[in-house]
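Reading the structure
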Amino acid sequence: MTRPQPGGTAHHRHRASSPATGRVADRDLRRFLADSTPVAAGGRAILLQIADPVVAAGVRRHSDFARRPQQRLAHTLMFVYAVVVGTDSDAAVAASFVERAHRPVTGADDVDRQLWVAATLFDSARRAHELFGDPVDAVRAEAVLAAYAPIGTALRVPADRWPTSVTEFDAYWATTLETLVVTDDARGVVRDLLHPRFTPLWVRAAIPLVRIVTVGMLPADLRTQYRFPWGPREERRFRRAVRLVRAVRTVVPGWALRLPGPLLLRAMRRYAHR
């Protein structure tokens, strides 16, 4: 299988690598990548990312989760859509936004940390489809992994660090999970993210569902490290939430599931041209 290749070969620590084209030739794959089902796993991806102490410290000091947790999720989704299914210009703009945001953050140039951040986005997307839609078959999983490679290069990860197969990715994932340590910084971010105090009413109304889905999708060891209570009652609530999300997803037309991507890209383009 042909791997997406980043533009250029030099790796500059202060400049995002020119990401590979986000345009996917295979129409079915492109439609799959544009599906917004992974939005349901956005919280999981963030909690996995900040389970790395360096990432947690940076996010705690430089992100405004307390007042705008929904904005962090929207920016993450915008970045993923721009790099994976947007144009080359979209990918470049998204990478420049990330570079600007990361400049003051200690550890933002650490390749291992950025590789982990990119990996959480792929794995969370895969898990979301398995849990709320249909399991991703082996062939499709390999294609999606390849399509996510530009996320790594946009985060300044050298192209040869991205796993070349799902088997390789799963081995990296299992090894990295064993190294994660949830710190007070991470727990502080989680309080702001899952118990917001200053967000719009519609966000607060959705938070109970977001909270149970996010916590339920975490590996059990990380749930324990985060000190989330979890027992038979929580497990039943999680399963009910999964059934609810699956039921809603089945009645939403495909075009509507793919609508968030174009809307976020349009907003990004408007902002970039101010």
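Bear in mind the structure is a predicted one, so any value in this text is a computation, not a measurement.

Quick word on the overall build of the chain
Within the chain one finds 15 helices and 0 strands. In the chain, buried positions account for 48% of the 274 residues. Restricting to contacts in the chain with at least 6 residues of sequence separation, those with at least 24 account for 80%. Roughly 13900 Å² of accessible area belongs to the chain as shown, and the carbon and sulfur atoms make up 56% of that amount.

As for the layout of surface pockets
Its volume calculated, the second largest pocket comes out at about 880 Å³. As for the second largest pocket, its lining consists of 31 residues, of which Val39, Ala40, Leu73, Ala206 and Val210 are closest to the centre. A total of 8 residues in the lining of the second largest pocket trace back to one element, the largest contributor, which is helix H11 (residues 201-217). Looking at side-chain class alone, the lining of the second largest pocket contains 24 nonpolar, 6 polar and 1 charged residues.

Some points on the nonpolar core
Counting residues in hydrophobic clusters, the biggest one holds 67 residues, and the most contacted among them are Leu33, Ile50, Phe79, Tyr148, Ile151 and Tyr226. The element contributing the most residues to this core is helix H6 (residues 111-132), with 9 residues. Beyond its immediate stretch of four places on either side in the chain, Ile50 contacts Val55, Ala56, Val59, Ala186, Val189, Val190 and Tyr226. Residues Ala41, Phe132, Val213 and Ala241 belong to the second largest nonpolar core, which totals 10 residues.

Remarks on the packing of helix H2 (residues 42-49) against H6
Two numbers describe how H2 lies on H6: the axes approach to 9 Å, and their chain directions differ by 150°. Classified by the angle their axes make, H2 and H6 are roughly antiparallel. The handedness of the crossing between H2 and H6 is right-handed. Across the interface between the two elements, Arg44, Ala45, Leu48 and Gln49 of H2 pack against Trp116, Val117, Thr120, Leu121, Asp123, Ser124 and Arg127 of H6. Here the contact of H2 with H6 is composed, by residue class, of 5 nonpolar, 3 polar and 3 charged.

Focus: empty space enclosed by the protein
Inspection of the entire model under this criterion finds 2 cavities of 30 Å³ or more. Along its surface, the largest cavity is lined by 20 residues, and Pro38, Val39, Leu77, Val80 and Tyr148 are the ones closest to its centre. Of all the secondary-structure elements, those providing two or more residues to the lining of the largest cavity are H2, helix H4 (69-84) and H6. Tallying contributions element by element places H4 first for the lining of the largest cavity, with 5 residues. In the lining of the largest cavity, the residues fall into 13 nonpolar, 6 polar and 1 charged. Estimates place the volume of the second largest cavity at around 90 Å³.

Describing helix H10 (residues 184-194)
The buried fraction of H10 amounts to 8 of the 11 residues, a majority that puts the element mostly inside the structure. Taken together, the buried positions of H10 are occupied by Ala186, Arg187, Gly188, Val189, Val190, Asp192, Leu193 and Leu194.

Describing the confidence of the model for the chain
Per-residue confidence for the chain averages 86 on the pLDDT scale, and 86% of its residues sit at or above 70. Element-level mean pLDDT values for the chain span from 83 in H4 up to 98 in helix H9 (residues 166-177). Within the model, the stretch residues 1-22 combines pLDDT values under 50 with 58 contacts to residues more than four positions away or in other chains.

Looking at the packing of aromatic side chains
Overall, the coordinates contain 10 aromatic pairs when judged by the stated rule. Taking the centre distance of 4.8 Å and the plane angle of 80° together, the rings of Phe122 and Phe169 count as edge-to-face. In this pair, Phe122 sits in helix H6 while Phe169 sits in helix H9, placing the two residues 47 residues apart along the sequence. Both residues of the pair, Phe122 and Phe169, count as buried. Where Trp230 meets Phe238, the ring centres are 6.1 Å apart and the plane angle is 65°; that geometry is what we call edge-to-face. Given the relative accessible area of 3%, Phe238 is considered buried. Connected via pairs of aromatic rings, a cluster forms that spans Trp116, Phe122, Tyr148, Trp162, Phe169, Tyr172 and Trp173.

Rules used in this analysis
- Residues numbered from 1 in each chain as written.
- Predicted model: local features only at pLDDT ≥ 70, side-chain atom pairs only at ≥ 80, totals over all residues.
- Heavy atoms only, no water.
- Helix = DSSP H or I, 4+ residues; strand = E, 2+ residues; numbered from the N terminus.
- Buried < 20%, exposed > 50% of the residue type's maximum accessible area, 1.4 Å probe, protein only.
- Contact = heavy atoms within 4.5 Å.
- Areas by Shrake-Rupley, 256 points an atom, 1.4 Å probe, with all protein chains shown as cover.
- 1 Å grid on protein atoms, 1.4 Å probe; cavity = no way out; pocket = protein on both sides within 12 Å on 5 of 7 lines; lining within 4 Å.
- Points joined across faces, edges and corners; volume = space filled by probe spheres on them.
- Nonpolar A, V, L, I, M, F, W, Y, C, P; charged D, E, K, R; others polar.
- Core = buried A, V, L, I, M, F, W, Y, C linked by side-chain atoms within 4.5 Å.
- Axes fitted to C-alpha atoms, helices over the stretch in contact; angles between N-to-C directions.
- Parallel < 35°, antiparallel > 145°, perpendicular 65-115°, else oblique.
- Left-handed = near helix turned anticlockwise from the far one by under 90°.
- pLDDT = per-residue confidence, 0-100.
- Phe/Tyr/Trp six-rings, centres within 6.5 Å; stacked < 30°, edge-to-face > 60°.

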